[in-house]
Amino acid sequence: MNVLRKETSQPPASVSIIGAGGICDLIGNSVLDFHRIQRLPPYVFEQVNRLKASARAGGADIIDLGMGNPDLPTPQSIVDKLCEVVQDPRTHRYSSSKGIPGLRRAQAAYYARRFGVKLNPDTQVVATLGSKEGFANMAQAITAPGDVILCPNPTYPIHAFGFLMAGGVIRSMSVEPDESFFPPLERAVRHSIPKPLALILNYPSNPTALVATLDFYKDVVAFAKKHDIIVLSDLAYSEIYFDGASPPSVLEVPGAMDVTVEFTSMSKTFSMPGWRMGFAVGNERLIAALTRVKSYLDYGAFTPIQVAATHALNGDGSDIAEVRNVYKRRRDVMVESFGKAGFDVPPPAATMFAWAKIPEKFRHLGSLEFSKLLVEKADVAVAPGIGFGEMGDDYVRLALVENEHRIRQAARNIKRWLSGDEKFEINVMNQ
């Protein structure tokens, strides 16, 4: 079980926190005087970002496969709808934090088409400013100090950090969606005091790209109902999948609505990351709690954005298919070209990421130092696996956010480094 150090009014100059992000040393700084900031490990991605910025300032052409920031333009029909609606001055006023009725109806209709799940748009759907904001505010809504949250490791940082900021305690769980997932859950229920409040799911997974089956979700729902545990499912990558059946929703399981809220996002599905539009759907009591918290914090997204998002959800699906095809082509190019370069990348079944094990001769360095080396030696930026939890430290995450030509160039850069830097290789092997 993860342990958080006891809070003090005057933190020491150097403190060690064991949390979802691993064991991190924090150097004394005035910002640590704030209670909630004390609970957060350093944002390790920032170290790679600083190195990347420095290299670019020096003239280097960095191929950025690190941040999951989609480079594809938002489909033109969605942009056109925004431009049309924004001309009406009535839409310039405050909106609704819950989401305009048409948008909530469109999301409910999407769930009915895609998953066969019936939702009441008035009580079981709330619009969020992306799935990340929804997750963080759900944590604020349901968490009491000391509540235990079961969280996969590795996972997207907000899944753990949102609850840490809300006063919760993270107990890390397996990320594999198979029979190995459940024995740790049973142990957690037996040995956690208090009993776990919630279980977090994230399939297709960021960063691992693992996909869950409906049978797995059935077992999760049965476990959650048996032990009276809330299920929070992050389904942000439901439409970015390759080579097989579309990923299911946990809400397809009969009875899941009794214990579950699911979060989706339009950022990747419609290439709308900067628009900040997502949803939480599911159990009425939990949706009401999230809606109440949001009502104190925001007025919702700009109304023209909500109308444009409604237009996107009510479309024929061709925009989604094109985005999916672009990522599939990039995935195939990455797997092939990186493999030829000597850096094996398993083909992800879904998401816009690949999760690759660090080449064996560099593995002892850890993912952060290896990521720094990629910037320095190959002009390629990736996301270190340690940023997603200590169980990710043998891996790096590669985002499919550069075009096929740039991905091939990244592979050529890496091949030159791996095959040409003999002096470095000898030093690494002798450490």
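See above for the structure.
Before going into details, it helps to say that this report is about the structure given with it. (Residues numbered from 1 in each chain as written. Predicted model: local features only at pLDDT ≥ 70, side-chain atom pairs only at ≥ 80, totals over all residues. Heavy atoms only, no water.)

Points about the overall build of the protein chain
Within the protein chain, the secondary structure is distributed over 14 helices and 14 strands. Over its C-alpha atoms the protein chain spans a radius of gyration of 22 Å, differing by no more than 12% from the 22 Å that the globule rule assigns to 431 residues. Across its three principal axes, the protein chain shows a C-alpha extent of roughly 65 × 50 × 45 Å. By the burial criterion, 57% of the 431 residues in the protein chain qualify as buried. Sequence-distant contacts in the protein chain: of pairs separated by 6 or more residues, those separated by 24 or more amount to 73%. Carbon and sulfur atoms make up 53% of the accessible area of the protein chain, which amounts to about 18,500 Å² in all. (Helix = DSSP H or I, 4+ residues; strand = E, 2+ residues; numbered from the N terminus. Rg over C-alpha atoms; globule rule 2.2 N^0.38 Å. Buried < 20%, exposed > 50% of the residue type's maximum accessible area, 1.4 Å probe, protein only. Contact = heavy atoms within 4.5 Å. Areas by Shrake-Rupley, 256 points an atom, 1.4 Å probe, with all protein chains shown as cover.)

Remarks on helix 7 (residues 182-191)
Within helix 7, burial applies to Phe 182, Pro 184, Leu 185, Ala 188 and Val 189. End-on, the buried residues of helix 7 take up no more than an arc of 155 degrees, which puts them together on one face. Along helix 7, exposed side chains directed more than 90 degrees from the buried face belong to Arg 190 and His 191. Where helix 7 is buried, its residues contact strand 5 (148-152), strand 6 (169-173), strand 7 (198-202) and helix 8 (214-227). (Arc of directions from axis to C-beta.)

Comments concerning the sheet that holds strand 5
The 7 strands lie next to each other as 4-10-9-8-7-5-6, forming an open sheet whose pairing is mixed. Here the strands that pair on one side only, and so sit at the sheet edges, are strand 4 (125-128) and strand 6. On average, adjacent strands in this sheet sit at an angle of 20 degrees to one another, irrespective of strand direction. For strand 8 (residues 230-234) and strand 9 (residues 260-265), the ladder comprises 4 bridges, and the chain directions are parallel. Paired with Val 231 across the two strands is Thr 260, which belongs to strand 9. (Pairing = 2+ DSSP bridges. Axes fitted to C-alpha atoms, helices over the stretch in contact; angles between N-to-C directions.)

A word on unusual backbone geometry
In this structure, the amide linkage connecting Asn 153 to the following residue, Pro 154, adopts the cis form with an omega of 10 degrees. Residue position: Pro 154 is located in the loop between strand 5 and helix 6 (157-165). Put simply, Ile 193 and Pro 194 share a cis peptide bond, and its omega is 0 degrees. You can see Pro 194 is positioned in the loop between helix 7 and strand 7. Positive phi outside glycine occurs at Ala 209, with the angle close to 70 degrees. Topologically, Ala 209 is positioned in the loop between strand 7 and helix 8. A relative accessible area of 6% places Ala 209 in the buried class. Of note, Asp 243 is a non-glycine position whose phi angle comes to about 65 degrees, a positive value. With respect to the element layout, Asp 243 can be found in the loop between strand 8 and strand 9. Residue Asp 243 is classed as exposed on the basis of its relative accessible area of 59%.

Examining the pattern of salt bridges
Within this structure, the stated rule accounts for 21 salt bridges. Two residues, Arg 324 and Glu 239, come together in a salt bridge whose shortest N-O distance is 3.4 Å. You can see Arg 324 sitting in helix 11 (residues 318-340) and its partner Glu 239 sitting in the loop between strand 8 and strand 9, a full 85 residues away along the chain. Between Arg 329 and Glu 322 there is a salt bridge; the shortest N-O distance is 3.9 Å. Via salt bridges that share partners, Asp 243, Lys 328, Arg 331 and Asp 332 belong to a single interconnected network. (Salt bridge = Lys/Arg side-chain N within 4 Å of Asp/Glu carboxyl O.)

Remarks on the side chain of Lys 52
Note on placement: Lys 52 falls in helix 2 (residues 45-57). Residue classification places Lys 52 among the buried residues on the basis of a relative accessible area of 10%. If near-sequence neighbours (up to four positions away) are discounted, Lys 52 is found in contact with Ile 62, Asp 64, Val 375 and Ala 381.

Topic: the pairing of strand 14 (residues 395-399)
Across the 5 residues that make up strand 14, a large majority, 4, are buried. When strand 11 (residues 353-357) meets strand 14, the two strands line up antiparallel, connected through 5 bridges. Of the residues in strand 14, the one forming a bridge with Lys 357 is Tyr 395. Alignment of strand 13 (residues 383-384) against strand 14, held across 2 bridges, turns out to be antiparallel. Within strand 14, the residue paired with Ala 383 across the bridge is Arg 397.

Here's the deal with helix 2
Taking 1.5 Å of rise per residue, 13 residues should cover 18 Å, and helix 2 covers 18 Å from first to last C-alpha, within 8% of that figure. Those residues of helix 2 hidden inside the fold are in contact with strand 3 (63-64), helix 6, helix 12 (367-378), strand 12 (380-381) and strand 13. In the stretch just after helix 2, Gly 59 is the one whose phi turns positive, near 100 degrees. (Expected span 1.5 Å × (residues − 1).)

A few points about the environment of Ala 141
Here Ala 141 shows up in helix 5 (residues 130-142). Along the backbone, Ala 141 and Ala 222 are 81 residues apart, and their C-alpha atoms lie at a distance of 24 Å.

Details of the packing of aromatic side chains
The tally for this structure, following the rule as stated, stands at 19 aromatic pairs. Both rings, one in Phe 181 and one in Phe 182, keep their centres 5.5 Å apart while their planes meet at 75 degrees; by these two values the pair is edge-to-face. Each of the two residues, Phe 181 as well as Phe 182, counts as buried. Their ring planes at 40 degrees and their centres at 5.6 Å tell us that Phe 362 and Phe 370 sit as a pair that is tilted. Following the ring pairs from residue to residue traces out a cluster consisting of Phe 181, Phe 182, Tyr 203, Phe 216 and Tyr 217. (Phe/Tyr/Trp six-rings, centres within 6.5 Å; stacked < 30°, edge-to-face > 60°.)

Observations concerning the sheet that holds strand 11
Sheet architecture is open: 3 strands sit in the order 11-14-13, paired in antiparallel fashion. Looking along the sheet, the strands with just one partner apiece sit at the ends: strand 11 and strand 13.

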